Amino acid sequence: MLGIGLVLVAFCVIYYTHLLIKWRYPKINGVRVQLPPGSMGLPIIGETIQLLIPSYNSIDIHPFVRKRIQRHGPIFRTNLVGRPVIVSADPEVNKYIFSQEGNLVEMWYLDSFAKLFAFEGESKVTAIGRVHRYLRGITLNHFGGESLREKMLPQIEVAVNDNLCNWSTQGPVEVKSAISRMIFNFTAKVAFGYDVETSKGEKIENLPNFIKSLMSFPLNIPGTTFHKCMKDIFLIKPLMIWHQRSFLTEDFIAELAFGILFAAFESVSTTLTLAIKFLAENPLVLEELTAENEAVLKKRENPDSLLTWEEYKTMSFTTSVVNETLRLMNIPPGLLRKALKDINVKGYTIPAGWTIMLVTPIVHLNPETYKDPLKFNPWRWKDLNQATLSKSFMPFGGGTRQCAGAEFSKVYMAAFLHVLVTKYRWTKVKGGRITRSPILLFPDGVHIKVSSKRD
Ligand code: HEM
């Protein structure tokens, strides 16, 4: 009896060791290829838990990435949310991967995102390609080019001023949610002609915290983040269907809204919240920013006229504040791609079907380009030339998939800072802590008290 028991135990040990070896050292077409170093973690969950452990109060990239770069070098393998992943913090490799968009790689937002995007029976890659073309097109149409310069800049200024005026009549305001609400209202009006103030429909309070779903398991059962996200998407459908009923399916519209609103709210509001935190902690920067923007008003015949494109272009310190915040912000730990074919880089193979995480933020924190890289120092931008920046500054991504809302975002943020420092006084009342879990978040918000300079 004991003998049979021992044989069974030995059989189980051999079987599970075999499974573990298969999991950790996979073969491609029957051949064991040279994968980058790293660990695939535990079966199924991989190293997801380690990635989700928050890091507190450091603007540095998430320790998950930092520690593994120290241990394995700039290219390593791991497993996240059930997917094998190659992480690259090698700028040369990242540039190559960006140049292979649609050929060797495609955008890939893990299973969670791909499932949200896909039609019944449609392949995920096709779904992403479809959504991508449409999204880029409508974003550029609504938020780019001439209309941004001529029409939208004054609209942004007026909307920001209305909001700040409103904040100045209240007690302390939590900046992240207040800015998200402000951008939601503005975007809904510009892109969809939907006036949140006068309509009874959707408000930002009904919108989901999409960002949480980024690293969630694609498990659509009650209680999971993914399930909540799917439910939330159905909540915002009526707003979009109301505007575009005639030619788009419900699912497609919800997907589209997901993309645009996710990008617009989370990225712009996070950057501006971080800028406010930095300004509160760096009074000399606030002083120079205020001086530059007040000088713009002084040069005008009518100080009450609205910011022009030419004036915006002269605001170099304001641009440096925006750039310096974007350099340090690095909301996600990296940009995600899917390998469509086996890819050979630096002696390693990235197998077809694997996810690639491009750690673009690594160039933002390179001490050779940015001295004392974790310090918020907008003055450093005076000495940075265009050639350096083209390689070492990529908050909006790279290659053909670069952010379609980049110009709009920069203009929006500069106009917001312009109005804030010329017309209002403000002090930070509480909050300002940051975490990366792995996305940049403000656990207690950033609360400021705003008052008008005219009072
Ligand atoms: C501070 C603000 C923002 C940041 C830092 C940011 C960052 C990015 C990044 C890094 C990408 C590339 C993603 C990848 O390669 O996987 C991207 C793509 C995109 N962003 Fe933004 N974004 C911002 C604001 C916006 C806004 C306000 C909009 C819309 C009005 C927008 C629309 C888009 C679109 C449509 C894409 C996809 C472009 C394509 O694939 O062709 N973004 N963004």
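Our subject is the structure that appears above.
This is a predicted model, so every value here is computed, not measured.

**With respect to the layout of surface pockets**
In this structure, the largest pocket encloses a volume near 1,200 Å³. Trp381, Gln386, Leu389, Ser390 and Phe393 are the residues nearest the centre of the largest pocket, which is lined by 47 residues in total. Going through the elements one at a time, α4 (91–99), α11 (283–298), α12 (309–314), α13 (316–329), α14 (386–392) and α15 (406–423) are the ones with two or more residues in the lining of the largest pocket. In terms of residue count, the dominant contributor to the lining of the largest pocket is α13 (seven residues).

**Thoughts on the coordination of the iron atom of the ligand**
A lone protein donor contacts the iron atom of the ligand, and this donor is Cys403 (SG), found at 2.3 Å. For Cys403, the location among the structural elements is in the loop between α14 and α15.

**With respect to α11**
Taking 1.5 Å of rise per residue, 16 residues should cover 22 Å, and α11 covers 22 Å from first to last C-alpha, within 8% of that figure. Buried within α11 are the following residues: Val285, Leu289, Thr290, Glu292, Asn293, Val296 and Leu297. Down the axis of α11, the smallest arc covering the buried residues is 160°, so these residues share one side. Counted as exposed and oriented over 90 degrees from the buried face of α11: Pro283, Leu284, Glu287 and Lys298.

**So, the sheet that holds strand β13 (residues 435–436)**
The three strands lie next to each other as β3-β13-β14, forming an open sheet whose pairing is antiparallel. In this open sheet, the two strands that pair with only one neighbour each are β3 (55–56) and β14 (440–441). With two bridges connecting them, β3 and β13 associate as antiparallel partners. Looking at the pairing, Ser55 lines up with Arg436 of β13.

**Quick look at the nonpolar core**
Membership of the largest hydrophobic core comes to 99 residues, with the highest contact counts inside it found for Ile156, Trp167, Ile179, Ile276, Ile343, Tyr412 and Phe416. At 12 residues, the largest contribution of residues to this core is made by α15. Not counting the four nearest positions on each side in its chain, Tyr412 is found in contact with Ile156, Val160, Met182, Ile183, Phe186, Val268 and Leu272.

**A closer look at the sheet that holds strand β6 (residues 105–107)**
What the five strands build is an open sheet, ordered β4-β5-β11-β8-β6; its pairing is mixed. Strands at the two margins of the open sheet, each flanked by one partner only, are β4 (75–80) and β6. Looking at each pair of strands side by side, their axes are set apart by 35° on average, direction ignored. Of the strands in this sheet, β4, β5 (83–88), β6, β8 (335–339) and β11 (355–358) are in contact with α4, which crosses β11 at around 125°.

**Considerations on helix α3 (residues 63–72)**
Listing the buried residues of α3 in full gives Phe64, Val65, Arg68 and Ile69. The arc that holds every buried residue of α3, seen down its axis, measures 125°, which confines them to one face. For α3, the exposed residues set more than 90 degrees away from the buried face come down to Gln70 and Arg71. Summarising the contacts, the buried residues of α3 are in contact with α2 (48–52) and β4. Once α3 ends, the next one or two residues include Gly73, with phi positive near 100°.

**Quick look at the packing of helix α7 (residues 145–168) against α15**
As a packed pair, α7 and α15 sit with axes 9 Å apart at the nearest point and diverge in direction by 45°. It follows from the interaxial angle that α7 and α15 lie oblique. The crossing of α7 and α15 is right-handed. Of α15, the residues touching α7 (which contributes Leu148, Met152, Leu153, Ile156, Glu157, Val160, Asn161, Leu164 and Trp167) are Glu407, Phe408, Val411, Tyr412, Ala415, Phe416, His418, Val419, Leu420 and Lys423. Among the residues forming the contact of α7 with α15, the class breakdown is 14 nonpolar, two polar and three charged.

About the cut-offs
- Residues numbered from 1 in each chain as written.
- Predicted model: local features only at pLDDT ≥ 70, side-chain atom pairs only at ≥ 80, totals over all residues.
- Heavy atoms only, no water.
- 1 Å grid on protein atoms, 1.4 Å probe; cavity = no way out; pocket = protein on both sides within 12 Å on 5 of 7 lines; lining within 4 Å.
- Points joined across faces, edges and corners; volume = space filled by probe spheres on them.
- Helix = DSSP H or I, 4+ residues; strand = E, 2+ residues; numbered from the N terminus.
- Donors = N, O, S within 2.8 Å, 3.2 Å for Na, K, Ca; no water.
- Expected span 1.5 Å × (residues − 1).
- Buried < 20%, exposed > 50% of the residue type's maximum accessible area, 1.4 Å probe, protein only.
- Arc of directions from axis to C-beta.
- Pairing = 2+ DSSP bridges.
- Core = buried A, V, L, I, M, F, W, Y, C linked by side-chain atoms within 4.5 Å.
- Contact = heavy atoms within 4.5 Å.
- Axes fitted to C-alpha atoms, helices over the stretch in contact; angles between N-to-C directions.
- Parallel < 35°, antiparallel > 145°, perpendicular 65-115°, else oblique.
- Left-handed = near helix turned anticlockwise from the far one by under 90°.
- Nonpolar A, V, L, I, M, F, W, Y, C, P; charged D, E, K, R; others polar.

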